[in-house]
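# Structural overview
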Amino acid sequence: SIDLSELRKSEARAKKYSDQIEQIMKSITDGFFTFDLDWNLTFVNDAFAQFTSFEKAELIGKNIYDVMSELKGSVFETQFIKALEEKSPAYFKGYYEAFNSWIQVAAYPSEEGLSVWSRDITEQVDMQEKINKTQNNLNAVVDSTPNFIWSIDKDFKLVIANKACVEFADKFGVKIVPGQRVKA
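Remember, it's a predicted structure, so these values are computed and weren't measured experimentally. (Residues numbered from 1 in each chain as written. Predicted model: local features only at pLDDT ≥ 70, side-chain atom pairs only at ≥ 80, totals over all residues. Heavy atoms only, no water.)

### A few points about the nonpolar core
Among the nonpolar cores identified, the biggest contains 25 residues, and Phe33, Phe35, Ile64 and Phe80 are the most heavily contacted of them. Elements represented by at least two residues in this core include exactly strand 1 (31-36), strand 2 (41-44), helix 2 (46-52), helix 4 (64-67), helix 5 (75-86), strand 3 (90-96), strand 4 (101-109) and strand 5 (113-120). In terms of residue count, the dominant contributor to this core is helix 5 (4 residues). Aside from chain neighbours lying at most four places away, what touches phenylalanine 80 is Phe33, Phe35, Trp39, Leu71, Phe92, Val105, Ala107, Leu114 and Val116. (Core = buried A, V, L, I, M, F, W, Y, C linked by side-chain atoms within 4.5 Å. Buried < 20%, exposed > 50% of the residue type's maximum accessible area, 1.4 Å probe, protein only. Helix = DSSP H or I, 4+ residues; strand = E, 2+ residues; numbered from the N terminus. Contact = heavy atoms within 4.5 Å.)

### A look at the side chain of asparagine 45
Checked against the element boundaries, asparagine 45 lands in the loop between strand 2 and helix 2. Owing to a relative accessible area of 1%, asparagine 45 belongs among the buried residues under this scheme. A distance of 2.9 Å separates the side chain of asparagine 45 from the backbone nitrogen of phenylalanine 48, its partner in a polar contact. Sequence-distant contacts of asparagine 45, that is, excluding residues within four places in its chain, are made with Met25, Ile28, Asp30, Gly31, Phe32 and Lys56. (Polar contact = N/O pair within 3.5 Å; in protein donor to acceptor, adjacent residues only side chain to side chain.)

### Regarding a negative patch on the surface
On the surface, Asp120, Glu123, Asp126 and Glu129 cluster together into a patch of negative charge. With 3 residues, the top contributor of residues to the negative patch is helix 6 (residues 122-144). Here glutamate 129 shows up in helix 6. (Patch = residues over 30% accessible without salt bridge, like charges linked within 9 Å, V, L, I, M, F, W, Y side chains within 5 Å. Areas by Shrake-Rupley, 256 points an atom, 1.4 Å probe, with all protein chains shown as cover. Salt bridge = Lys/Arg side-chain N within 4 Å of Asp/Glu carboxyl O. Lys, Arg positive; Asp, Glu negative; His and termini not counted. Charge placed at Lys NZ, Arg CZ, Asp CG, Glu CD.)

### Notes on unusual backbone geometry
Note: most residues except glycine have negative phi, and most peptide bonds are trans. Within the chain, serine 53 stands out as a residue other than glycine whose phi angle is a positive 70 degrees. Within the secondary structure, serine 53 sits in the loop between helix 2 and helix 3 (56-59). For serine 53, a relative accessible area of 66% translates into the label exposed. Positive phi, close to 50 degrees, is recorded for asparagine 100, a residue that is not glycine. Looking at where asparagine 100 falls in the secondary structure, it is placed in the loop between strand 3 and strand 4. Judged by relative accessible area, asparagine 100 falls into the exposed class, the value being 53%.

Right, dumping it as structure tokens:
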């Protein structure tokens, strides 16, 4: 005869474990989803569902291309395929035009498919672009003056030298290289 009490205990433990996993996945504020080898979504967390503007129930079982048709031909598809074929994690970032967002991704292959963590990094990318633009503008201003502009750090290593300074030193056979110690 089968001991039903042990079976019920095992079922209760499995349910408790499943509920714990679900709570953990709900608490993650980054997007997380899994899809099988046919590219059908098998799990999505709340953050991913919210990002796609779908309800979780609408996503489970759907082919990822039906939900995110812009995936075709994108860096995301290329990296997902590579991770699956090479059975090796893929770490990358890409611009997802449909959501007007830069996404940082970590994709982990398994025998069943792919588990994908994703984070919207649009703000960070925009900030870095602003920093780069400001730096380029500053460099243009500094290089446009005929005056010598240079800076060294506390260890007397050259941080920056403008074009006029570099050209003047070059006339005397002195190479000015950022990062090198300035000699007296």
